[in-house]
Amino acid sequence: IGSAVIATGVEQSVGSIIDGVVSGPSGSGLQETWDVAQVELIRGPQGTLFGKNASAGAVNIISNAPTVDFTAGVSARYEVNYDAARLDGFISGPINSQANVRLSGFKLKQERGGVENLLRDEHENTKDRWGIRLRLDYSWDSWWSHFNIAYNRIDERCCARVFSHIDTQTTARLVKNNPLSTDQWVAPLLQRYGVEASDHNRLAIADGKLYEQQRTLHTVVELGTEFLSGHMFKLISGYRCWQHQSGRDTDNIDSDIISLTSDQRELYLFTQELQWLSPRDQDLEYVLGIYYYDQHFPATEYLGGGFDAHFVDSPSIGITAADSVIDVKNMALFGHGRYHLNDSTTLFAGARLLRETIKASAHQQGDALLGGHWLWPADYSENTLAAADNDLVGVLGAQHWWQPDNQVYISLARGYKGQAVDNTANSILFRAVQMPGDGGIVDDALLKPETVLSMELGSKNYFYARRLLVNAVLFYSEFSNFQTAAFDTTGFHLTNAGVVRSQGLELELASRLWPGGQLQFAMSWIDAVFKSFSGAPCQVAQVAAGRCSAAAGGQDISGQAVNETPEWQFYFALQQDVNRFAVPLFFRISYAWRDSVILDGDLDPNTEQQAYGLTNLAAGLRLNRFDMRIFIHNATDEDYADRIIDAPLWLGAYQRYPGSGRSYGLNFSYRY
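Residues numbered from 1 in each chain as written. Predicted model: local features only at pLDDT ≥ 70, side-chain atom pairs only at ≥ 80, totals over all residues. Heavy atoms only, no water.

## Some remarks on the overall build of the protein
Secondary structure summary: the protein contains 4 helices and 40 strands in total. Here the C-alpha atoms of the protein give a radius of gyration of 27 Å, agreeing with the 26 Å that 2.2 N^0.38 yields for 672 residues. By principal-axis analysis of the C-alpha atoms, the protein measures approximately 80 × 65 × 50 Å. Sorting the 672 residues of the protein into buried and exposed places 50% on the buried side. (Helix = DSSP H or I, 4+ residues; strand = E, 2+ residues; numbered from the N terminus. Rg over C-alpha atoms; globule rule 2.2 N^0.38 Å. Buried < 20%, exposed > 50% of the residue type's maximum accessible area, 1.4 Å probe, protein only.)

Given below as structure tokens:
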């Protein structure tokens, strides 16, 4: 369960935490990682230990710390068919007996992408990214401090979509009185350029420019001390500035209807956390804390074009700007403790009492040039809304070790994700006429908080002198007021989806049972359904057939499978070291498979991604400080989509974001 929503007014169900500081709302955490010590994938509701709200889980990214001895390293990778080169490097060591420093960075440049634009004669989905991080650790007496600052940039042509399917039965019903008829606009252009709308299509015919730019500054300062009693005090301060600009062609064809679409976002985030920790190795271990989160998130989306829009009174061009600001403040008291009943049984519990406020303002304004008018009136008044919410989340459970390397556990947790604002481009928040003292219409853009009650029963085990790892977990989660997004024939919008139930089994296995061999296996079976969701957006085919309408309350999809959640997933990897030829060689094969899944929130079967599997191969040699390998990713060149959506403007047409095709190359690394 996650949130496939890229909007400034909603946070993620799965939180992203970088070196102890959350990355903020959706989109801001999508960036390259480099010089990473480990990535923790933490299942289930979080809140008593990890930062802000996370109703479904957390991804905790921890970068490498400075070393007490001088070390340095460099790695380089080249992918032939994408003409992609990446260089990573670091240098680390002591300044004096009290201070250690680490400097790291990367540069990635990909000249060819997975989509070819026939009109602009250029590759799309290319990459141009770089980043740099400095960490300084300093200690004196019983105090220590960590200063961590990272900056990264993205300048690339992302993210291209291509036509994958046209539902001709639906488009035929929509031709009458439809100035934006898919049959009249899209089909002839695809035929002109020889493009087939299919699951294998990687050709675009958009005339508008595609680009994405990001600038991210992430700063963390940690100050701490340990008292003679063994208690510790920590102060963690975080500041994050994320700037994002992107441009795309909304009509996505060789016509200027809405071809000047772009957005600008600036996220300013400040967090403060105080922790008081008990002495270690006691019967009772605990952490108590205070947390503060302050977010300021202004954004502007521009929609423009119109020379080819013959359905207006006269040929014209116009630009409409949708300005919004989302301010969020979150304050919380939290605590988490473990009590060891004996050497084999431990009880654990945690709670967080929080208060969150959200304020939103929105203003849509437009103009029309060359004497005509465009899609929206010239101006709307500014609308605002504000809301506050209090909640209590927590966890309760027990662990029992029946052997030193074997445990079973059970837990019950309640999670929370705060109120959200539907500030997508077609939201009523922008265009409602609000009279003084009447906020009822605008309040329809406010989504209720998402809460979850989750239960787990699991076991974690080592066998055969820790050469075999076997983990298994059964879980049941029920989400209330699940926040989701769907296409409602005029555009995407955010909504609450009643109750979602997710239950299943996850199994992990890893072994080193024979010399030089490593085996990994993982599987999950997940049964996720909308337990109750009446008022879901209509599918385009339902609207065309007269079986569903927003005015009649939408459709009822209660009892149906949740979109974007495959029922079955498998992963397998085998690696073998070979030392017969005077040099230590290794070979590796991995295979990941996932079940078919519908990707759109209205459960339109035309957005179904069929089951597929990806095979990766690698072989190389390892010496003490040197590693060289050749690799093939997606060796069978599987065609799949990262996402399938209703084509904006073109009812009955569908577009896909193609996944990466087969790639091969060479990777080299050296460590001193």
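We are not done yet, so read on.
## Description of the side chain of Gln419
With respect to the helices, strands and loops of the structure, Gln419 is situated in the loop between strand S21 (406–417) and strand S22 (420–421). Residue classification places Gln419 among the buried residues on the basis of a relative accessible area of 14%.

## Thoughts on the sheet that holds strand S12 (residues 162–166)
The strand order S12-S39-S38 describes an open sheet built from 3 strands, whose pairing is antiparallel. Here the strands that pair on one side only, and so sit at the sheet edges, are S12 and strand S38 (641–646). Strand-to-strand twist in this sheet, taken as the mean axis angle between neighbours without regard to direction, amounts to 30 degrees. The sheet contact formed by S38 and strand S39 (residues 653–658) spans 5 bridges and is antiparallel. (Pairing = 2+ DSSP bridges. Axes fitted to C-alpha atoms, helices over the stretch in contact; angles between N-to-C directions.)

## Observations concerning the sheet that holds strand S9 (residues 122–124)
Strand order in the open sheet formed by 3 strands is S9-S8-S13, and the pairing between neighbours is mixed. Of all the strands in the sheet, the pair left with one neighbour each is S9 and strand S13 (203–204). Relative to S9, strand S8 (residues 115–117) runs antiparallel, the two sharing 3 bridges. Along S9, the bridge assignment pairs Val115 with Glu124.

## A word on the environment of Arg161
Relative to the elements of secondary structure, Arg161 occurs in the loop between strand S11 (143–156) and S12. Assessed through its relative accessible area of 8%, Arg161 is described here as buried. Each C-alpha atom, one on Arg161 and one on Tyr591, is 26 Å from the other, the two residues being 430 residues apart in sequence. From its side chain, Arg161 meets the backbone oxygen of Thr250 in a polar contact 2.8 Å long. Reaching out from Arg161, the side chain makes a polar contact with the side chain of Gln655 at a distance of 2.3 Å. (Polar contact = N/O pair within 3.5 Å; in protein donor to acceptor, adjacent residues only side chain to side chain.)

## Topic: the packing of aromatic side chains
The geometry of an aromatic ring pair comes down to the distance between the two centres and the angle between the two planes. Going through the model one piece at a time under the given rule, you end up with 15 aromatic pairs. Ring pairs connect the aromatic residues Trp525, Trp568, Phe570 and Trp593, which therefore count as one cluster. A cation sits over an aromatic face here: Arg102 above Phe90, 4.2 Å from the ring centre. (Phe/Tyr/Trp six-rings, centres within 6.5 Å; stacked < 30°, edge-to-face > 60°. Lys NZ or Arg CZ within 6 Å of the ring centre and 35° of its normal.)

## A look at the state of the cysteines
According to the stated counting rule, one finds 2 disulfides in the structure shown. The disulfide partner of Cys158 is Cys159, and the gap between their sulfur atoms is 1.8 Å. Torsion about the S-S bond of the Cys158 and Cys159 cystine: about 60 degrees, corresponding to right-handed handedness. Residue Cys159 is classed as partly exposed on the basis of its relative accessible area of 39%. Residue pairing for Cys538: its cysteine sulfur links by disulfide to Cys548, the two sulfurs lying 2.0 Å apart. Disulfide Cys538-Cys548: the torsion about the S-S bond is -70 degrees, which places it as left-handed. One end of the pair, Cys538, is in the loop between strand S30 (534–536) and helix H4 (540–544); the other, Cys548, is in the loop between H4 and strand S31 (555–556), and 10 residues separate them in sequence. The two residues Cys538 and Cys548 agree in class, both being buried. (Disulfide = S-S within 2.5 Å.)

## Let's talk about the pairing of strand S28 (residues 499–511)
Bridge count for strand S25 (residues 468–480) against S28 is 13 bridges, and the pairing is antiparallel. Its bridge partner being in S28, Ala472 is matched across the sheet by Leu507. Of the pairings in the sheet, the one linking S28 to strand S29 (residues 517–532) comprises 13 bridges and is antiparallel in character. If you follow Glu508 over to S29, its bridge partner there is Ala522.

## A look at the pairing of strand S5 (residues 71–79)
Note that S5 and strand S6 (residues 84–94) share 9 bridges and pair antiparallel. Of the residues in S6, the one forming a bridge with Ser75 is Asp88. Counting the residues between successive antiparallel strands, the hairpin from S5 to S6 contains 4 residues, one of them, Asp83, with a positive phi of roughly 45 degrees. In this structure, S5 lies alongside strand S40 (residues 663–671), joined through 7 bridges in antiparallel fashion. Within S40, the residue paired with Tyr78 across the bridge is Leu666.

## Topic: helix H2 (residues 182–192)
Buried within H2 we find Thr182, Trp185, Val186, Leu189 and Leu190. Relative to the axis of H2, the buried residues are bounded by an arc of 105 degrees and lie together on one face. Opposite the packed face of H2, turned more than 90 degrees from it, sit the exposed residues Gln184, Gln191 and Arg192. At its buried positions, H2 is contacted by S12, helix H1 (168–174) and S39. N-capping of H2 is provided by Ser181, with a side-chain oxygen placed 3.3 Å from the backbone N of Asp183. The first or second residue beyond H2 is Gly194, which carries a positive phi of 70 degrees. (Arc of directions from axis to C-beta. Contact = heavy atoms within 4.5 Å.)

## Describing the nonpolar core
In this structure, Ile326, Leu385, Val421 and Leu429 are the most contacted members of the largest nonpolar core, which totals 28 residues. Here this core gets 5 residues from one element, more than from any other, and that element is strand S18 (residues 317–340). Grouped together as the second largest cluster of nonpolar side chains are 16 residues, Leu180, Val186, Ile258 and Ala647 included. (Core = buried A, V, L, I, M, F, W, Y, C linked by side-chain atoms within 4.5 Å.)

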